[in-house]
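# Fold and geometry: a report
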Amino acid sequence: MKTSFKFSAFFYFSIFLIFQIFSFQILTVNSQGSTDSCNSNLNLKGELLFDTTSFHCLSVWDQQGYILRYMRTDTNVWSFVLSAPNTNAYIAMGFSKNGKMVGSTAVVGWVSNDGTATMKKYFLGGQSPDEVLPDEGNLQLVNFTSSVVAEDSRIYMAFQLNTEMPSNRLIYSVGPTGMLPSAADFRLTEHQDQISTSLNYNSGQSEKSTPYANLRRSHGLLNMFGWAIFMPIGVMVARYLRQYDPIWFYAHTTIQSLGFILGFAGVISGLVLNNRLQNNVNRHKGIGIFILVLGCLQVIALLARPDKSSKVRKYWNWYHYITGRVLIMLATVNVFYGIHLGNAGSSWKAGFAVVLVIFLITAALFEIRMWKRK
């Protein structure tokens with residue numbers, strides 16, 4: 001029993017640690033970009049090439065601290081200034097016809113460690129780096145009006161477009177830290193994060209554009225409730241309510257079966273969503289499929305459960321115990337990771353974190369109660 005107690009304590013401590021890591025991430029991301037605000041005009045030592053005093057200003061990506069200033073400054077000339085935290089990564093602003101990254105043209109800027117500022121346009125012909133082509137695309141940049149300035153832990157990218165009306169479907173992205181394009185070929189590495197938005201140039205209102213929003217929401221909720229909520233509840237029923245035999249067993253199998261059905265539907269909806277969006281989420285998808293495999297193994301184990309008097313029953317219990325807890329730990333990580341990939345915002349992370357805290361407190365109270373009974 002002591003070994004079981006130690007394993008349970010380690011399991012719940014691991015869940016708590018995961019919660020702490022993602023909570024820290026929320027606080028860190030939300031604290032970025034505090035040195036720039038639409039409440040004040042830009043006052044940079046490294047001056048931009050045009051005045052932004054009368055520009056529209058709005059926060060276009062709160063999660064990454066992106067702020068956009070823009071204005072029609074001449075006939076068929078639109079001026080833009082994008083500011084973001086300087087994380088030693090490139091920042092990008094793409095103009096798309098349909099809100100998708102593939103087929104769009106992006107303006108990308110970065111400042112290298114030696115202070116060299118660079119800005120280029122890229123045509124995003126596909127998802128692989130080989131299909132992202134520098135100095136290509138349908139954007140007509142006005143010559144000698146582009147600049148990139150790094151100041152006060154932020155990077156400012158200014159450029160002008162020669163067009164009657166720019167596309168209102170805008171995509172913002174940030175590159176991986178420390179992986180800037182080199183002067184040899186200006187190859188652009190895959191972005192670390194991105195968001196698709198829609199901008200009303202007249203009103204200055206920007207809205208997050210979320211293709212297949214209902215399918216995304218269903219995918220997230222099904223997996224969250226199936227793998228990361230119902231499964232832990234079923235585990236706690238089996239561990240802490242065994243004195244109510246055989247009610248605990250039927251409750252355990254019913255809850256776990258419901259969790260498996262919801263989780264199975266969540267994985268299928270995720271595969272459908274990935275097929276439609278064609279996003280590169282291989283890590284998230286791989287973890288999800290592995291979780292589904294573990295869930296299937298648990299179902300098979302239930303059907304092949306040996307009798308209590310069997311000599312192999314002890315090993316079956318170990319297998320069932322460990323597989324279930326590994327599944328829940330991976331599901332917890334993947335839910336947080338999926339929320340991050342979907343740019344669902346800190347409210348989803350905070351809501352799920354609250355559920356985890358409730359589970360942790362409940363489990364701790366039950367563990368103390370069991371320990372006192374011994």
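The chain has the name Cytochrome b561 and DOMON domain-containing protein At3g07570-like in an unreviewed UniProt entry, where Nicotiana tabacum is given as its organism.

### Focus on the pairing of strand S6 (residues 117–124)
Counted residue by residue, S6 has 6 buried out of 8 residues, so it is predominantly covered. Bridge count between strand S5 (residues 105–111) and S6: 7 bridges; the pairing is antiparallel. Bridge pairing in S6 links Thr-105 to Phe-123. Connecting S5 to the antiparallel partner S6 that follows it, the hairpin turn spans 5 residues, and Gly-115 within it adopts a positive phi of roughly 90 degrees.

### Points about the sheet that holds strand S8 (residues 147–151)
As summarised here, the arrangement of the 5 strands in space is S1-S2-S3-S9-S8, forming an open sheet in which the pairing is antiparallel. Every interior strand has two partners, whereas the edge strands, strand S1 (56–61) and S8, have only one. Strand-to-strand twist across the sheet, computed as the mean angle between neighbouring axes with direction ignored, equals 20 degrees. With 7 bridges joining them, strand S2 (residues 66–74) and strand S3 (residues 77–85) adopt antiparallel strand pairing. In the sheet register, Ile-67 faces S3, and the bridge partner there is Ser-83.

### Here we look at the sheet that holds strand S4 (residues 91–96)
Across a sheet, paired strands are connected by hydrogen bonds in the backbone, their directions being either parallel or antiparallel. Within the open sheet, the 7 strands sit side by side as S7-S6-S5-S4-S10-S11-S12. Their pairing is antiparallel. The open sheet is flanked by strand S7 (132–134) and strand S12 (205–208), the only strands paired with a single partner. On average, each strand axis in the sheet is tilted by 30 degrees relative to the strand beside it, whichever way the strands run. Across 6 bridges, S4 lies against strand S10 (residues 169–174) in antiparallel orientation. Residue pairing across strands places Ile-91 opposite Val-174, the latter belonging to S10.

### So, helix H3 (residues 247–277)
Across its 31 residues, H3 extends 44 Å between first and last C-alpha, which sits within 8% of the 45 Å expected from 1.5 Å per residue. One or two positions beyond H3, positive phi appears at Gln-278, with a value near 55 degrees.

### Points about the nonpolar core
Core analysis: the largest hydrophobic core is formed by 29 residues, its most contacted members being Leu-68, Phe-80, Met-93 and Tyr-172. Elements that contribute at least two residues to this core include exactly S1, S2, S3, S4, S5, strand S9 (154–162), S10 and strand S11 (193–200). Once residues within four sequence positions are removed from consideration, Leu-68 is found in contact with His-56, Cys-57, Leu-58, Val-60, Phe-80, Val-81, Leu-82, Met-93, Leu-170, Tyr-172 and Leu-199. Counting 25 residues, the second-largest nonpolar core is a separate cluster that includes Met-231, Ile-291, Ile-339 and Ala-353.

### Observations regarding the packing of helix H5 (residues 313–341) against helix H6 (residues 346–373)
One can describe the packing of H5 onto H6 by two numbers: an axis separation of 10 Å at closest approach and a directional angle of 165 degrees. Comparing the axis directions of H5 and H6 gives the class roughly antiparallel. H6 is crossed by H5, and the crossing has right-handed handedness. Contacts between H5 and H6 involve Thr-332, Val-335, Phe-336, Ile-339 and His-340 from the first element and Trp-348, Lys-349, Phe-352, Ala-353 and Leu-356 from the second. Among the residues forming the contact of H5 with H6, the class breakdown is 7 nonpolar, 2 polar and 1 charged.

### Section: the confidence of the model for the chain
On average, residues of the chain score 86 in pLDDT, and 89% of them reach the 70 mark or higher. A low-confidence stretch, residues 24–34 stays under pLDDT 50, and its non-local contacts, those more than four residues away or across chains, total 16 contacts.

### Quick word on the packing of aromatic side chains
Under the criterion given, the structure shown has 18 aromatic pairs. A centroid spacing of 6.5 Å and a plane angle of 45 degrees characterise the contact between Phe-225 and Phe-230, whose relative ring orientation is tilted. The rings of Tyr-70, Trp-78, Phe-80, Phe-95, Phe-159 and Tyr-201 are connected pair by pair, giving a single aromatic cluster. The ring of Phe-186 is capped by Lys-120, whose NZ or CZ atom sits 4.4 Å from the centre of that ring.

### Side note on the UniProt feature "binding site: heme b" (unreviewed entry) in the chain
UniProt records the feature "binding site: heme b" (unreviewed entry) for His-219, His-252, His-284 and His-320 in the present numbering. By the element assignment, His-284 lies in helix H4 (residues 282–303). Judged by relative accessible area, His-284 falls into the buried class, the value being 16%. Apart from residues lying up to four places away in sequence, His-284 is in contact with His-219, Asn-334, Tyr-337, Gly-338 and Leu-341. As for its position among the elements, His-320 is in helix H5. Residue class for His-320 comes out partly exposed when judged on its relative accessible area of 23%. Setting aside its immediate chain neighbours within four residues, His-320 contacts His-252 and Gln-298.

### Things to note about the pairing of S4
For S4, the buried fraction is high: 6 of the 6 residues fall into the buried class. Side chains of S4 alternate between two faces, with Ile-91, Met-93 and Phe-95 and Ala-92, Gly-94 and Ser-96 buried alike.

### Here we look at the pattern of salt bridges
The tally for this structure, following the rule as stated, stands at 3 salt bridges. Where Arg-239 meets Glu-367, a salt bridge forms, and the shortest distance between an N and an O atom there is 2.6 Å. Of this pair, Arg-239 sits in helix H2 (residues 213–240) while Glu-367 sits in helix H6, and the two are 128 residues apart along the sequence.

The rules behind these values
- Residues numbered from 1 in each chain as written.
- Predicted model: local features only at pLDDT ≥ 70, side-chain atom pairs only at ≥ 80, totals over all residues.
- Heavy atoms only, no water.
- Buried < 20%, exposed > 50% of the residue type's maximum accessible area, 1.4 Å probe, protein only.
- Helix = DSSP H or I, 4+ residues; strand = E, 2+ residues; numbered from the N terminus.
- Pairing = 2+ DSSP bridges.
- Axes fitted to C-alpha atoms, helices over the stretch in contact; angles between N-to-C directions.
- Expected span 1.5 Å × (residues − 1).
- Core = buried A, V, L, I, M, F, W, Y, C linked by side-chain atoms within 4.5 Å.
- Contact = heavy atoms within 4.5 Å.
- Parallel < 35°, antiparallel > 145°, perpendicular 65-115°, else oblique.
- Left-handed = near helix turned anticlockwise from the far one by under 90°.
- Nonpolar A, V, L, I, M, F, W, Y, C, P; charged D, E, K, R; others polar.
- pLDDT = per-residue confidence, 0-100.
- Phe/Tyr/Trp six-rings, centres within 6.5 Å; stacked < 30°, edge-to-face > 60°.
- Lys NZ or Arg CZ within 6 Å of the ring centre and 35° of its normal.
- UniProt positions renumbered as here; feature names shortened; annotations may be inferred.
- Salt bridge = Lys/Arg side-chain N within 4 Å of Asp/Glu carboxyl O.

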